[in-house]
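# Structure at a glance
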Protein chains: 2
Amino acid sequence: MTSPVRLALLGCGTVGGEVVRLLHEQSADLAARIGAPLELAGIAVRRINRDRGELPVDPSLFTTDALGLIKRDDVDVVVEVVGGIEPAREWLVEALRAGKSVVTANKALLAEDGGALHDAAAEGGADLYYEAAVAGAIPLLRPLRESLHGDRITRVTGIVNGTTNFILSAMDATGAGFAEALEQATELGYAEADPTADVEGFDAAAKAAILASLAFHTRVSAADVHREGITEVTAADVASAKAMGCTIKLLCLAARGVDAAGRETVNVRVHPAMIPLTHPLAGVGDAFNAVFVEAEAAGPLMFYGRGAGGAPTASAVLGDVVAVARNRLAGVRAASESAYADLSVRSMGEALTRYHVSLDVADRPGVLAAVAGVFARHDVSIATVWQGPAEGSAPGSGADADLVIVTHVAPDAALAATVSELRGLDIVRSVTSVLRVEGEA
Amino acid sequence: MTSPVRLALLGCGTVGGEVVRLLHEQSADLAARIGAPLELAGIAVRRINRDRGELPVDPSLFTTDALGLIKRDDVDVVVEVVGGIEPAREWLVEALRAGKSVVTANKALLAEDGGALHDAAAEGGADLYYEAAVAGAIPLLRPLRESLHGDRITRVTGIVNGTTNFILSAMDATGAGFAEALEQATELGYAEADPTADVEGFDAAAKAAILASLAFHTRVSAADVHREGITEVTAADVASAKAMGCTIKLLCLAARGVDAAGRETVNVRVHPAMIPLTHPLAGVGDAFNAVFVEAEAAGPLMFYGRGAGGAPTASAVLGDVVAVARNRLAGVRAASESAYADLSVRSMGEALTRYHVSLDVADRPGVLAAVAGVFARHDVSIATVWQGPAEGSAPGSGADADLVIVTHVAPDAALAATVSELRGLDIVRSVTSVLRVEGEA
């Protein structure tokens, strides 16, 4: 058999530990699939003496000198599972420029500055793979960057953050509010002590940028993504969604559009939205992830699986390791970044979406006409209206009434301006719920 | 830009016509993704003058001489969408031996004699891609043959035939029998005039062989697949499934196992089975396809989309065309067949499965003991039992009773022998439904 392909592993936490375990357990299979054995050249960690359980690895492989390890001549492939922007960027740019293949799960870095990594890969003639960066174990990036290259993707809609999906699923199942559901998620280990990155949508926004870049052959960074988290989703919102035959999910959306000048654009955003229970994404519960892809010829596609966790993430990392190891043995490099389309990113205000608005209004003549007039002034077309007595009010008593309006598609800025004007109307006692609606057939 | 990559298209029916259309419509995008334009060198058809609607193609490209077209020096890639064993096998072996890349949607040929194609590809140093052969547009084979190569797949469970899924979905929705639902499927164009290949499970068996080969790194052919169709699924079976919180699907299953000597085996089969409504495959309705993959580290994964139709299939074909064209330009060949594991195929009798059995029995003392005794004699463990008066019988009247038994997992031969012995018992008036149960959590 050929001489081994040697790996430098950067990071040995939950994911890194699983990578070490799988490299050991599957070594015969991996060698057969690659045509050469894989060998760990070293493992860079911050603290050598941390308790890592029983890892099947020679303790002398641990080092705190990541850069030194990367630069070693006997290292062919660098596997990074540390996360964060620095020093990961410096390490990976160094490795790629030196012609070493890189496999990384670092979504934050890819979304912040993927361009720097792709440029370094091109410079060094090296492979850059990152299947584990989005939706954990789900084979998603390779289908996007290869299988669908004969087609034209029009829209990607994903549930890519397990923590928020767990929280929203719990709110839907129990009627709990956000704070209570978050507490439960924390207790069960689905939310971190500081849940900001998840519940504010930063994690999903990074993944949205990566997905949009691949789907639309355009560099999209986290800064291009409109981001709203789930902290303001209320039990009343969840109840409103249920009444509509919907459920609320934190969605990452990336869609093609056309600007006023007729040029193609792309809009990328992360926000909570109502989706109908009949949509394939509605049934994705707990901490699972799923990504719904619409392409012109292929039609609708969905990819479903575990989005996080040590073993699922390690599975994706090792799939990439097999691919880059094979490429090295064959002396080839995989297809590099495809960013030829270079579409301009459309702002959220221009994005086309639909709103579901629940109002608490005075129950007297002319109210519906006044409310409908606000929508008309902003050129927003109404799809459905429901009006009924508010809980506890007798009809016609002049007390409060509930008014629920769902719009047709309109620019988000027009919808937001409509809601803002509604809030100022005398006859509107309060705007009880505003949610975007996605996932229509 | 580099000189064009030239394609020979074999077949110009529904799929071929869509390939021609997409090549035309997407030409700029395809060229940008490949780094060179794609050009049609010729289209081999049986009858040149057939009406093909308005195809955006020079009519002089049509020829009836497929072999002559394949052998032309200016042909780099051969795309086959004709189907059937011969002459497709001769054509593709010729092309691959001559070092031309092949993209094919021919599941029957791959399942019958994929080995001959892989051998010819190895001999000619050529690429052989066939994403469109299984589950149409769903990017499934590339994830199996690449993304999951760092993992160990334990089981693949798929709904891979749209016609039978449409028929079973209709039976479930309306309570119709098989014949009536088939008639509806034929009228709506979901079933062919001769539906044998679909309803008898031949189509699904071919796809099962291809999936099993990729998932388990072992050559599996259609002859290795245990095959049962859906023609004997009755309205009573569907009602039994509903009563159990299940639905009936025609499943293709491929699972790892271990034989008596402790050697790893693989079992591949196609048959109707009850699956719980909570299983992700249960919601796959109409003519959609979905494949559920279980891997040791990744956990459960599902791939969902359109399994047939001109445009979806053409999307998969063109994705492969982009890949092989890129490989040609880079002067490389993709990873070849991976069949190193060479597991032995276990017979259906040895396959582990579960049965759901409904009996019409005499309602008198000792019946349950006698029936349970039969299961025990065959070493089959019972999971759940339900007994109640048959429709129209008063309890304790000595009239008929319904007895529904669901077993634990046991070898299929033991389960079949149990049912056979039950049929011979005096106290069993009739066996009203026998179905395998799959998809437990």
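This is a predicted model, so every value here is computed, not measured.

## What to know about the domain arrangement of chain A
All names here are of chain A.
- Parsing chain A into structural domains produces domain 1 (5–136 + 310–330), domain 2 (141–306) and domain 3 (349–437).
- Its C-alpha centre places domain 2 at a distance of 26 Å from the equivalent point of domain 3.
- Across the boundary between the two partners, domain 2 contributes 12 residues, which contact 12 residues of domain 3.
- Between domain 2 and domain 3, the buried area comes to about 960 Å², and carbon and sulfur atoms account for 60% of it.
- Its largest share of buried area at the contact with domain 3, domain 2 owes to Asp237, Met244 and Met274, together 42% of the area lost on that side.
- Connecting domain 2 to domain 3 are one salt bridge.
- Linking domain 2 to domain 3 there are four residue pairs in polar contact (both at pLDDT 80 or more).
- Those elements that provide at least two residues to the side of domain 2 that touches domain 3 are α11 (235–243) and β10 (264–276).
- The element contributing the most residues to the side of domain 2 that touches domain 3 is β10, with six residues.
- A breakdown of the residues in the side of domain 2 that touches domain 3 according to their chemical character gives five nonpolar, four polar and three charged.

## Quick notes on the packing of aromatic side chains
- Summed over the entire model, instances satisfying the criterion amount to five aromatic pairs over all chains.
- Look at Phe303 of chain A and Phe303 of chain B: their rings are 6.1 Å apart centre to centre, the planes differ by 80 degrees, and that puts the pair in the edge-to-face class. Here Phe303 of chain B lies in strand β12 (residues 299–306) and Phe303 of chain A lies in strand β12 (residues 299–306), a pairing that spans two chains. Taken individually, Phe303 of chain A and Phe303 of chain B each receive the classification buried, so the pair is uniform in this respect.
- Above the plane of the ring of Tyr129 of chain A lies Arg145 of chain A, whose end atom (NZ or CZ) is 4.7 Å from the centre.

## Observations regarding the pairing of strand β16 (residues 400–407) of chain B
All names here are of chain B.
- For β16, the buried fraction is high: seven of the eight residues fall into the buried class.
- As paired strands, strand β14 (residues 352–362) and β16 are joined by seven bridges and run antiparallel to one another. Note on β16: the bridge partner recorded for Leu359 is Leu403.

## As for the packing of helix α2 (residues 27–34) of chain B against helix α12 (residues 310–330) of chain B
All names here are of chain B.
- Interaxial distance between α2 and α12 falls to 9 Å at its minimum, and their mutual angle equals 40 degrees. Comparing their axes, α12 and α2 come out oblique. Relative to α12, α2 is oriented so that their crossing is right-handed. Counted together, Leu30, Arg33 and Ile34 of α2 and Leu318, Val322, Ala325, Arg326 and Leu329 of α12 form the full contact between these two elements.
- The residue makeup of the contact of α2 with α12, split by class, is six nonpolar, no polar and two charged.

## Focus: the state of the cysteines
Residues and elements named next belong to chain B.
- Counted by the stated rule, this structure contains zero disulfides over all chains.
- Looking at Cys252, it has no disulfide partner, and the nearest cysteine sulfur is the one in Cys246, 19 Å off.
- A relative accessible area of 2% means that Cys252 is categorised as buried.

## Some thoughts on unusual backbone geometry
Residues and elements named next belong to chain A.
- The omega angle of the peptide bond from Glu86 to Pro87 is 5 degrees, so this bond is cis rather than trans.
- Within the secondary structure layout, Pro87 lies in the loop between β4 (77–80) and α4 (88–97).
- In this model, Ala135 sits at a positive phi of 60 degrees, which is unusual for a non-glycine residue.
- Considering the arrangement of structural elements, one finds Ala135 in the loop between β6 (128–129) and α6 (141–145).
- The class for Ala135 is buried, based on a relative accessible area of 0%.

## Points about the environment of Pro300 of chain B
- Turning to its location among the elements, Pro300 of chain B is positioned in strand β12.
- Not counting the four nearest positions on each side in its chain, Pro300 of chain B is found in contact with Phe288, Tyr304, Gly305 and Arg306 of chain A together with Phe292 and Val293 of chain B.

## Overview of the interface of chain A and chain B
- Of the residues lining the interface, 44 residues belong to chain A; the matching set on chain B comes to 44 residues.
- When the area that chain A buries against chain B is broken down by residue, the three leading residues are Arg33, Tyr304 and Tyr340 of chain A, summing to 16%.
- Our enumeration of links across chain A and chain B arrives at two salt bridges.
- Close ionic contact of Glu146 of chain B with Arg142 of chain A constitutes a salt bridge, the shortest N to O distance being 3.2 Å.
- On the surface where chain A and chain B come into contact, there are 20 residue pairs in polar contact (both at pLDDT 80 or more).

## Structural notes on the relation of the copies chain A and chain B
- At an RMSD of 0.1 Å, chain A and chain B line up after a rotation of 180 degrees and a shift of 0.0 Å along the axis. These values place the two chain copies in the arrangement generated by a two-fold rotation axis. If distances are taken from each C-alpha of chain A to the rotation axis, the shortest is found for Phe303 of chain A, at 2.4 Å.
- Interface overlap between copies is the fraction of interface residues in one copy that are interface residues in the other; for chain A against chain B it reaches 100%, indicating a shared surface.

## Remarks on the sheet that holds strand β3 (residues 62–63) of chain A
Residue and element names in this part refer to chain A.
- As summarised here, the arrangement of the six strands in space is β3-β2-β1-β4-β5-β6, forming an open sheet in which the pairing is parallel. Every other strand in the sheet has two partners, leaving β3 and β6 as the edge strands with one partner each.
- The sheet contact formed by strand β1 (residues 5–10) and strand β2 (residues 38–44) spans six bridges and is parallel. Bridge pairing links Arg6 to Glu39 in β2.

## Let's talk about the pairing of strand β7 (residues 153–159) of chain A
Residues and elements named next belong to chain A.
- By the criterion of burial, β7 is predominantly enclosed, with five of the seven residues buried.
- The pairing of β7 with strand β11 (residues 288–295) spans six bridges and is antiparallel. In the sheet register, Ile153 faces β11, and the bridge partner there is Ala295.

## Some remarks on the pattern of salt bridges
- Scanning the model with the defined rule gives 48 salt bridges over all chains in all.
- Between Arg89 of chain A and Asp113 of chain A there is a salt bridge whose closest N-O contact spans 2.6 Å. With Arg89 of chain A in helix α4 and Asp113 of chain A in helix α5 (residues 107–124), the pair connects residues that are 24 residues apart, well separated along the chain.
- In this structure Arg89 of chain A comes out as partly exposed when scored by relative accessible area, which is 22%.
- The partly exposed category is assigned to Asp113 of chain A, whose relative accessible area is 23%.
- Between Glu39 of chain B and Arg6 of chain B there is a salt bridge whose closest N-O contact spans 2.4 Å. Taken together, the residues Glu39 of chain B in strand β2 (residues 38–44) and Arg6 of chain B in strand β1 (residues 5–10) connect sequence positions 33 residues apart.

## Focus: the UniProt feature "active site" (unreviewed entry) in chain A
Residues and elements named next belong to chain A.
- Taking the UniProt record as the reference, the feature "active site" (unreviewed entry) is found at Lys207.
- Secondary-structure assignment places Lys207 in helix α10 (residues 202–216).
- In this structure the side chain of Lys207 is engaged in a polar contact, spanning 2.7 Å, whose partner is the side chain of Asp203.

## What about helix α14 (residues 412–424) of chain B?
Residue and element names in this part refer to chain B.
- Its 13 residues place the ends of α14 19 Å apart at the C-alpha level, agreeing with the 18 Å of an ideal helix rising 1.5 Å per residue.
- When α14 is considered as a whole, its buried residues turn out to be Asp412, Ala414, Leu415, Thr418, Val419 and Leu422. Summarising the axial view, the buried residues of α14 lie within an arc of 165 degrees, below the 170-degree limit, and thus occupy one face. For α14, the exposed residues lying more than 90 degrees away from the buried face are Arg423 and Gly424.

## Brief notes about the environment of Ser420 of chain A
- With respect to the secondary-structure elements, Ser420 of chain A resides in helix α14 (residues 412–424).
- Each C-alpha atom, one on Ser420 of chain A and one on Val431 of chain A, is 9.5 Å from the other, the two residues being 11 residues apart in sequence.

Here is what the cut-offs are and how they apply
Residues numbered from 1 in each chain as written. Chains lettered and ligands numbered in written order. Predicted model: local features only at pLDDT ≥ 70, side-chain atom pairs only at ≥ 80, totals over all residues. Heavy atoms only, no water. Domains from an automatic or database assignment. Contact = heavy atoms within 4.5 Å. Buried area = accessible area lost by both parts, 1.4 Å probe. Salt bridge = Lys/Arg side-chain N within 4 Å of Asp/Glu carboxyl O. Polar contact = N/O pair within 3.5 Å; in protein donor to acceptor, adjacent residues only side chain to side chain. Helix = DSSP H or I, 4+ residues; strand = E, 2+ residues; numbered from the N terminus. Nonpolar A, V, L, I, M, F, W, Y, C, P; charged D, E, K, R; others polar. Phe/Tyr/Trp six-rings, centres within 6.5 Å; stacked < 30°, edge-to-face > 60°. Buried < 20%, exposed > 50% of the residue type's maximum accessible area, 1.4 Å probe, protein only. Lys NZ or Arg CZ within 6 Å of the ring centre and 35° of its normal. Pairing = 2+ DSSP bridges. Axes fitted to C-alpha atoms, helices over the stretch in contact; angles between N-to-C directions. Parallel < 35°, antiparallel > 145°, perpendicular 65-115°, else oblique. Left-handed = near helix turned anticlockwise from the far one by under 90°. Disulfide = S-S within 2.5 Å. Least-squares fit on C-alpha atoms with pLDDT ≥ 70 in both. UniProt positions renumbered as here; feature names shortened; annotations may be inferred. Expected span 1.5 Å × (residues − 1). Arc of directions from axis to C-beta.

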